[in-house]
Each structure stands twice: as structure tokens, then as C-alpha cells.
Amino acid sequence: MYPVSRSSCRLGLRELADEDVDAMLAIYGSAAATEHMAFEPRTREQVEQIVAEFVASATQTPRTQYGLAVVQQDSGELIGFGRLATDPHQPRGATMGFALRPDTWGSGLGLETVRLILGLGFEELDLHRIWGALSPLNTASARTLTAAGMVEEGTIREHIIKAGRWRDSVVHAILDREWKDRSAR
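An account of the accompanying structure is given in this report. Keep in mind that this is a model prediction, so the values were computed, not measured. (Residues numbered from 1 in each chain as written. Predicted model: local features only at pLDDT ≥ 70, side-chain atom pairs only at ≥ 80, totals over all residues. Heavy atoms only, no water.)

Turning next to the overall build of the protein chain. When helices and strands are tallied, the protein chain shows six helices and eight strands. Along its sequence from the N terminus, the protein chain presents helices and strands in the succession β-β-α-α-α-β-β-β-α-β-α-β-β-α. Relative to the globule expectation of 16 Å for 185 residues, the C-alpha radius of gyration of the protein chain, 16 Å, shows essentially globular dimensions. With the C-alpha coordinates aligned to their principal axes, the bounding extent of the protein chain is approximately 40 × 40 × 35 Å. Within the protein chain, the proportion of its 185 residues that are buried is 47%. Both charge centroids of the protein chain, one from 20 positive and one from 25 negative side chains, sit 6 Å from each other. (Helix = DSSP H or I, 4+ residues; strand = E, 2+ residues; numbered from the N terminus. Rg over C-alpha atoms; globule rule 2.2 N^0.38 Å. Buried < 20%, exposed > 50% of the residue type's maximum accessible area, 1.4 Å probe, protein only. Lys, Arg positive; Asp, Glu negative; His and termini not counted. Charge placed at Lys NZ, Arg CZ, Asp CG, Glu CD.)

This is the structure:
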């Protein structure tokens, strides 16, 4: 599916573009935004590479990953990033993740972002299961995933190396029927 375009009352998802590097750097280059991610803050050159890879992957067939800009509806400003990647080992399954610029936190935009990503996966890509893994210390994202209907399934022990140390990840997931049940309410 290309191009992706989904929206909610305050946000939209759109394909990443080469000119998004600076806005993405405000997220991926931020120590606060990457504190609970699997990597340290990125340099501008690293962000350029990441954006270029997502731009190139958008038109591949079959498309296996969706790296999407999260933009404010009223201004079009990029304030976040969403990712959905199909899992070759799980039929109709995908992993998801999201990150928002720290100055937007605490206003419900994370939940809106997750719902947009899940809607893309279930309503447009016909996925069966979507899951995400997060740091056990990232309680705000855990609350967001739970509010979106995702269920905490367990812990992957020593899953990530960050700053030279092993870190666990907590898995949250949702099934297509659970999404449909929530959407029907």
C-alpha cells in the first residue's frame, strides 16, 4: 500500500519524505525521546540514513515496513514517527512502535498515534496480530498501549543492549477481533 494517508481529529499519518530529516532529528536525536528506546540518540547523518531507508522501502513490493510521519492536522508539522513492520515468521503479524517529540507528551497524542497505526494494520493491511515491545521503565507508553486495547503478554528477558547493558522488554499485543470489538463500541 502506497502512499499511506490516515487521519484522526488532531493527527495524520503520511509517508516520510527526505525533507523530514530535521524534524525526525528532534525525536531520534533527543536524549529524552530515546531514553526508553533500544538505541542511543542518533546523529543527523544517522537520521538521514534512517529516513532514506524508509523512503526507499515505501515503494518496495511486497512492502514489509511502514515508516510514517506523525503530523499535526492543523499545521502539517511532523511531531512524531510511527512504524509498522510485517513479521515474516508470523502470518498476518506485525510489530509496531512510535515516538513523539518530548514537547508533545502528556496530551493524548500518543494514544491517537497508536490508534492510527493499529487502524492501518487491521483495517487496511488485514493483519491478525500487532505487537510492540517497550522498556519496563516506560510506564507512560505501557499505559498508552493498554488504553489502545493492547494486552501485556509478558517480558522478553535481556532483549536489548543499551548503553552496554542488557535490558528486558515488555510485550503488548492486540488481535484483529479485539480491535474490531473496540472499534464497534
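Another point: the packing of helix H4 (residues 109-124) against helix H6 (residues 176-184). Where H4 meets H6, the axes come as close as 10 Å, and the angle between the chain directions of the two elements is 120°. Considering their axes alone, H4 and H6 lie oblique with respect to each other. Judged by the twist between their axes, the crossing of H4 over H6 is left-handed. For the pair H4 and H6, contact is made by Arg-115, Leu-118, Gly-119, Phe-122 and Glu-123 and by Asp-176, Trp-179 and Ser-183, respectively. (Axes fitted to C-alpha atoms, helices over the stretch in contact; angles between N-to-C directions. Parallel < 35°, antiparallel > 145°, perpendicular 65-115°, else oblique. Left-handed = near helix turned anticlockwise from the far one by under 90°. Contact = heavy atoms within 4.5 Å.)

Attention now goes to the environment of Arg-63. Its place among the elements puts Arg-63 in the loop between helix H3 (44-57) and strand S3 (65-72). By relative accessible area, which is 9% here, Arg-63 ends up buried. Between the C-alpha atom of Arg-63 and that of Tyr-2, which follows or precedes it by 61 residues, the distance is 8.8 Å. Aside from chain neighbours lying at most four places away, what touches Arg-63 is Met-1, Tyr-2, Val-4, Glu-15, Ser-57, Ala-58, Leu-68 and Thr-86. In terms of polar contacts, Arg-63 uses its side chain to reach the side chain of Glu-15, at 2.8 Å. A distance of 3.1 Å separates the side chain of Arg-63 from the backbone oxygen of Gln-65, its partner in a polar contact. (Polar contact = N/O pair within 3.5 Å; in protein donor to acceptor, adjacent residues only side chain to side chain.)

What follows deals with helix H1 (residues 21-28). Within H1, the full set of buried residues consists of Val-21, Met-24, Ile-27 and Tyr-28. Projection of H1 onto a plane perpendicular to its axis shows the buried side chains occupying an angular sector of 115°, all on one side. (Arc of directions from axis to C-beta.)

The next thing to look at is the pattern of salt bridges. Counted according to the given criterion, the structure contains twelve salt bridges. Glu-112 is the partner of Arg-10 in a salt bridge, and the nearest nitrogen-oxygen pair spans 2.9 Å. Separated by 102 residues along the polypeptide, Arg-10 in the loop between strand S1 (5-7) and strand S2 (11-15) and Glu-112 in helix H4 bring together distant segments of the chain. Judged by its relative accessible area of 36%, Arg-10 is partly exposed. The closest approach of N and O atoms between Glu-153 and Arg-129, which form a salt bridge, is 2.3 Å. Of this pair, Glu-153 sits in strand S7 (residues 151-162) while Arg-129 is found in strand S6 (residues 129-134), placing the two residues 24 residues apart along the sequence. With a relative accessible area of 46%, Glu-153 lands in the partly exposed category. Each of Arg-6, Glu-123 and Glu-124 takes part in salt bridges that share partners, so that together they form one network. (Salt bridge = Lys/Arg side-chain N within 4 Å of Asp/Glu carboxyl O.)

As a further point, take the environment of Gln-46. Here Gln-46 is to be found in helix H3. A sequence separation of 63 residues divides Gln-46 from Leu-109, and the C-alpha atoms of the two residues are 26 Å apart.

A few words on the nonpolar core. Proteins that are soluble and globular tend to have nonpolar side chains buried together. Counting residues in each nonpolar core, the largest one holds 28 residues, and the members touching the most others are Leu-84, Met-96, Leu-118 and Ile-130. In terms of residue count, the dominant contributor to this core is H4 (eight residues). The contacts of Ile-130, once residues within four sequence positions are left out, are Leu-84, Ala-94, Met-96, Leu-118, Gly-121, Phe-122, Met-150, His-172, Ala-173 and Ile-174. Counting 17 residues, the second-largest nonpolar core is a separate cluster that includes Val-21, Met-37, Val-47 and Val-51. (Core = buried A, V, L, I, M, F, W, Y, C linked by side-chain atoms within 4.5 Å.)

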